[in-house]
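# Structure assessment
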Amino acid sequence: MSLTYREVLDGDLSTLLDAAADWKRMGRKFGEHKSDYNKHVKGAMANGWTGIAADMAQDSARDTNHEFTAAERSAKAIGALLEQAHDELSRLKQKVKETRSEAVDAKMYVDEDGVCTYDESRISAKTKEALAHDPVERQKTEQHWTQKIANAVKAVAEADRNYKLIIQEAAKDKDGKGLDGGFNGKAIGDVEKYSGVRAADLAKKIDAGKESEGERKEFEFLVRRNSDDRDFSRTMLNGLGPDGTISLANEFNDRAYGGDSSDKSRYLGMEKYLANSVATATSVRMHKKKVNGKVVTYPDKGDKAFYDQWREKLKKAGVKKYDMDVVEDSKVRTRTHQAPSARGYQSFVTLLQHGSGYDGRFLHDLADDIRAAEDPKKHGDPDIWDLDKGFSGKDDDDWFANDPLDGTLGLMSKDPDTATSYFDPRTQEGKDRLHYLRVDRDWNLVNTFDFTRGNDTNPVIESSDQEDADNRVGYGAALEAAMTGHAPDSETPQSFSPNQGQRAVFEEVVNSYADQEKDEPGSMPQNIRQNMANAVTYYPEDVQKLLAGRDNAYESAYEDVLSPSMTHFIHAAGQDGQAFRTIHDSQLAQVMNRIAELEHDDFTGQGASTAKADLIAMDSGISMGTLDKIRADILTDDRDAKIDKNNWAQLYAYHGLASPVSRIPIFGADLDRATYFTTRDLAEQMNNETTDKTREEIISHYERKGLPRIKKIIEARADQLGVDPNDLRGNISLGSKLLSQIHNSYGAALGVTGQSLGK
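Residues numbered from 1 in each chain as written. Predicted model: local features only at pLDDT ≥ 70, side-chain atom pairs only at ≥ 80, totals over all residues. Heavy atoms only, no water.

## Details of the overall build of the chain
- Broken down by element type, the chain carries 30 helices and 8 strands.
- Across the 759 residues of the chain, 50% fall into the buried class.
- Restricting to contacts in the chain with at least 6 residues of sequence separation, those with at least 24 account for 73%.
- Entry remark: accessible area of the chain is about 35700 Å², with carbon and sulfur atoms responsible for 48%. (Helix = DSSP H or I, 4+ residues; strand = E, 2+ residues; numbered from the N terminus. Buried < 20%, exposed > 50% of the residue type's maximum accessible area, 1.4 Å probe, protein only. Contact = heavy atoms within 4.5 Å. Areas by Shrake-Rupley, 256 points an atom, 1.4 Å probe, with all protein chains shown as cover.)

## Here's the deal with the pairing of strand β3 (residues 286-291)
- Across 6 bridges, the pairing between β3 and strand β4 (residues 294-299) is antiparallel. Bridge pairing in β4 links lysine 289 to valine 296.
- The antiparallel pairing of β3 with β4 creates a hairpin that spans 2 residues between the two strands, and asparagine 292 there sits at a positive phi of about 55 degrees. (Pairing = 2+ DSSP bridges.)

## Brief notes about helix α29 (residues 707-720)
- Under the 1.5 Å per step criterion, the end-to-end length of α29 is 21 Å for 14 residues, consistent within 8% with the ideal 20 Å.
- Those residues of α29 not exposed but buried are Leu707, Arg709, Ile710, Ile713, Ile714, Ala716, Arg717 and Ala718. (Expected span 1.5 Å × (residues − 1).)

## Quick look at the nonpolar core
- Formed by 122 residues in total, the largest nonpolar core has its most connected members in Phe219, Met236, Phe348, Phe423, Tyr475, Met566 and Phe569.
- Among the elements that take part in this core, helix α8 (residues 230-258) stands out by supplying 9 residues, more than any other.
- Ignoring anything within four residues of it in the chain, the contact list for methionine 566 reads Phe506, Val510, Val543, Leu546, Leu547 and Val561.
- Counting 30 residues, the second largest nonpolar core, distinct from the first, contains Ala20, Ala103, Trp145 and Val153. (Core = buried A, V, L, I, M, F, W, Y, C linked by side-chain atoms within 4.5 Å.)

## Side note on the environment of threonine 235
- Locating threonine 235 in the fold gives a position in helix α8.
- Each C-alpha atom, one on threonine 235 and one on lysine 193, is 5.8 Å from the other, the two residues being 42 residues apart in sequence.
- Among residues more than four places away in sequence, those in contact with threonine 235 are Lys193, Gly196 and Val197.

## Considering the pattern of salt bridges
- Under the definition given, this model contains 45 salt bridges.
- With its nearest N and O atoms 2.7 Å apart, the salt bridge here joins arginine 25 to aspartate 22. Of the two residues, arginine 25 and aspartate 22 both sit in helix α2 (residues 14-45), 3 residues apart, roughly one turn of that helix.
- A residue is classified by how much of its surface remains accessible, and aspartate 22, at 42% relative accessible area, is partly exposed.
- By sharing partners, the salt bridges in this structure join Glu211, Glu213, Arg216, Glu220, Glu251, Arg255 and Arg266 into a single network. (Salt bridge = Lys/Arg side-chain N within 4 Å of Asp/Glu carboxyl O.)

## Thoughts on the packing of helix α13 (residues 360-374) against helix α15 (residues 416-423)
- Viewed as axis vectors pointing N to C, α13 and α15 meet at an angle of 45 degrees, and their least axial separation amounts to 9 Å. Here α13 lies oblique to α15, going by the angle between them. The two elements α13 and α15 meet at a crossing, and its hand is right-handed. Contacts from Gly360, Leu363, His364, Ala367 and Asp368 in α13 reach Thr418, Ser421 and Tyr422 in α15. (Axes fitted to C-alpha atoms, helices over the stretch in contact; angles between N-to-C directions. Parallel < 35°, antiparallel > 145°, perpendicular 65-115°, else oblique. Left-handed = near helix turned anticlockwise from the far one by under 90°.)

So, in structure tokens, the structure goes:
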């Protein structure tokens with residue numbers, strides 16, 4: 001039965017200190033008795049006594065001496081545990097009191113059971129009236145404070161239960177020496193370490209399928225409560241080792257996905273806390289000190305020792321084969337007689353995907369170690385992860401990380417700084433990693449078999465490899481995070497200023513994939529195109545300058561990106577209709593943001609158009625013209641692997657007006673959204689009207705229908721400023737000259753972009 005609110009407040013915790021003192025005093029007494037025994041009994045037997053009786057007495061004396069030693073250690077350990085229990089329970093009890101005080105300050109009356117209701121004697125008449133008219137809000141507020149107190153009480157109850165279990169375990173004889181049922185010579189006076197030892201013992205039982213329901217609940221309780229504690233996590237993982245940790249994770253997954261579905265969440269919950277323990281244990285604290293007047297950082301000695309040992313053991317377990325039900329393909333196995341097995345790194349990364357908070361160094365090293373196991377240039381086996389089926393979700397099996405390197409990169413994407421430093425091309429390691437993943441890596445991890453030759457009795461089996469459907473998903477996400485400083489699918493920022501590392505990765509990725517696109521059009525992998533488009537939207541001003549051909553205006557921190565490279569890069573990503581639209585809408589927003597800089601005099605002033613207005617008009621026309629030309633080229637590409645125009649158009653189409661706004665960063669808060677949506681929809685309409693048209697017909701169509709989009713933005717800005725519509729007409733008006741500049745630059749962009757693409 002769990003503790004109640006009143007029991008927590010009324011409980012006298014000082015008795016724990018009294019009990020702790022008694023246990024420690026008992027331990028000292030056992031030590032004294034041991035000394036007396038060794039001196040007066042065991043010592044006396046050593047004075048010349050021989051024979052069978054003497055041998056038996058010596059054996060008995062050894063057992064007795066051991067039990068005195070074990071009793072001393074056990075008693076002192078329990079005393080230390082009781083002291084820790086007092087400190088922890090006192091802290092949590094104080095938290096209950098503080099929470100109650102917060103509730104009282106919020107005008108709550110707290111009854112004997114910790115239930116909160118408004119104290120009407122302490123609230124104003126106005127508040128009473130408001131509560132009377134909104135009983136739902138009143139109940140919600142009262143329940144909030146009641147639950148907050150209940151949570152504080154629950155924390156005390158869980159700590160109380162934890163110490164109860166640990167103290168009971170400390171009292172059990174587990175040393176395997178002395179008398180059966182004697183004292184525990186392995187008792188530990190540290191609750192976290194003891195919890196870790198106990199959790200490891202329970203984990204081994206679960207892995208072997210020999211645990212009781214009570215033991216399973218106890219393990220679940222221990223890892224849930226202690227997975228964020230360093231001592232607990234390291235003690236448990238040391239007890240299991242990487243091999244045992246992987247085997248336990250496999251057991252959880254086999255039970256979760258192959259057993260009673262009602263227990264699925266339970267086993268996945270335990271896997272989550274096991275993964276969090278890995279995160280806690282492998283985190284290395286960094287310290288600072290001055291050396292010769294300079295501040296240097298260095299890793300914590302204890303952290304590094306555990307980390308290095310764990311990593312070396314994991315390298316061996318990572319390539320080991322483990323039986324696992326999920327990897328079996330019954331049809332293939334029947335014909336090939338291959339037993340289902342997964343490599344350790346595949347299971348380990350599957351485990352990690354359930355947790356969070358991993359140290360960046362740990363993810364870097366894990367990725368590099370996985371690569372070493374597969375890269376032929378590092379004496380690895382490129383087929384080491386190959387399995388007889390894919391794991392992209394067709395059979396609800398996308399939870400399994402059959403590609404452990406891609407899975408690790410996916411974990412990096414959740415911590416953008418880690419992703420950026422992994423790919424940073426200003427280091428040789430970063431440049432090499434990107435090149436390996438882009439060019440050298442064998443992404444074909446699914447075995448395919450040809451059973452058409454031979455027969456069932458004597459089949460002639462020919463096999464080859466192919467990519468899984470979800471190939472490079474983690475890679476694309478990690479690149480996006482590295483270039484943007486934001487995890488994919490996270491809330492987009494209203495402003496973004498890339499640091500040198502992010503910009504360097506962006507430049508390296510753009511240049512490398514642009515060069516690849518020139519040599520082999522359409523070679524950018526499908527599963528990273530949207531990530532690349534997302535990254536482009538974080539650099540709208542730079543992209544517009546590059547598309548406009550003003551390479552000298554691009555501020556480079558690492559390596560120049562030239563205008564043709566950006567064009568080829570967008571062409572590569574734009575093979576996916578949705579990715580192209582993402583880039584298009586970002587540039588449309590950039591055009592509108594720039595045009596919003598125009599003032600009344602830019603439309604009505606005397607003399608020539610201002611240089612600023614002229615530049616804005618030119619850049620706007622060029623960027624939209626370039627994108628329209630790229631789109632036309634994609635839709636009329638005559639290479640062997642043609643773009644499916646209908647599929648491209650479906651991906652390009654939006655469903656719901658809000659979708660682009662929520663996904664495009666740097667979307668100006670003051671942007672004229674009505675005009676934005678109108679021009680955006682015109683772009684979609686243009687695309688729908690290009691069916692069965694040739695490249696020349698599409699370009700002509702865009703020139704007639706695409707240019708008016710930008711003119712509408714100019715006209716909308718003039719209207720906002722109160723410009724007379726007549727000032728946008730006539731050969732001498734500045735407004736007319738702006739429209740003419742846009743027309744000329746748009747048309748020029750169609751030609752220049754075609755030359756850049758070799759069309």
